[in-house]
Amino acid sequence: MAAEKDHRVKDIDTLKALGHPLRIKLYRALYMAGTATASQLADGVGEAVSLVSYHLRKLSAHGIIEEAEPGSGDGRERWWRPVSTVVSTRDEDWRDAPERVAVHNAVSRVYARQRIEMYEEYLDTKPTWTDDWRGAAFSSEFLLTLTAEELHDLGRELGELVAKWRERGTAAREAGDTQGRENVALHVNGFPFRV
């Protein structure tokens, strides 16, 4: 993967392909693994290898993942890797037609539901984590009064901060420093609301 390469999705077919709940889980698992086979990913998401292979091919057809050099094994299995470090959408790319707005909103809701499910799974399994991990985990709500420009700048700054920590974790993993490391999800939403 290239360092902080953003794949900004602007076409509706790619967005629809990314909106499938299993594909979201597969992409997330593949991203965290770096490279993996359909068999490895199937074990991780609890689905049949044939179904996982089908969905990986769909993600590949839309340029979200690509074949990777074989990792280990006998060389008969295809290895996959993400094409970029970030897959994103921006609202301004979807405003030009009602169908595009509807698809973007529907896919955004699928992602939001999965983020909630991930956090609820953590809450359900919290007793199985060590005290240091439970103490490090956080959930916060920050209420601010900003302009649209300030909210945009805040989002950009948060992205830069996350990129720094992503690079640190990736460099450590590549150097073999895996002791005590776990996958960490950071979900941040910034949006206007009225009371």
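Use the structure listed above.
Below: a short report on this structure. The structure displayed is predicted, hence computed values, not measured ones.

Conventions and cut-offs
Residues numbered from 1 in each chain as written. Predicted model: local features only at pLDDT ≥ 70, side-chain atom pairs only at ≥ 80, totals over all residues. Heavy atoms only, no water. Helix = DSSP H or I, 4+ residues; strand = E, 2+ residues; numbered from the N terminus. Buried < 20%, exposed > 50% of the residue type's maximum accessible area, 1.4 Å probe, protein only. Contact = heavy atoms within 4.5 Å. Areas by Shrake-Rupley, 256 points an atom, 1.4 Å probe, with all protein chains shown as cover. Lys, Arg positive; Asp, Glu negative; His and termini not counted. Charge placed at Lys NZ, Arg CZ, Asp CG, Glu CD. Core = buried A, V, L, I, M, F, W, Y, C linked by side-chain atoms within 4.5 Å.

### Describing the overall build of the protein chain
- Within the protein chain, the secondary structure is distributed over seven helices and five strands.
- Along the protein chain, helices (α) and strands (β) appear in the sequence β-α-α-β-α-α-β-β-β-α-α-α when read from the amino end.
- For the protein chain, the spread of C-alpha atoms along the three principal axes comes to 60 × 45 × 30 Å.
- With 195 residues in all, the protein chain has 24% of them scored as buried.
- Counting only contacts in the protein chain whose residues sit at least 6 apart along the sequence, the fraction spanning at least 24 positions is 66%.
- Per element, the accessible surface of the protein chain, about 13600 Å² overall, is 52% carbon and sulfur.
- For the protein chain, the distance from the average position of its 27 positive side-chain charges to the average position of its 32 negative side-chain charges is 3 Å.

### Quick notes on the environment of Tyr54
- Following the sequence through the fold, Tyr54 ends up in helix H4 (residues 49–61).
- Take Tyr54: its relative accessible area is 37%, and that puts it in the partly exposed class.
- Taking the C-alpha atoms as reference, Tyr54 lies 20 Å from Val107; in sequence the two are 53 residues apart.

### Digging into the nonpolar core
- In this structure, Leu41, Val52, Leu56 and Ile65 are the most contacted members of the largest nonpolar core, which totals 22 residues.
- Mapped by element, the contributors of at least two residues to this core are helix H1 (12–18), helix H2 (21–33), helix H3 (38–45), H4 and helix H5 (98–125).
- Apart from residues no more than four positions distant in its own chain, Val52 is found in contact with Leu26, Ala38, Leu41, Ala42, Val45 and Glu47.

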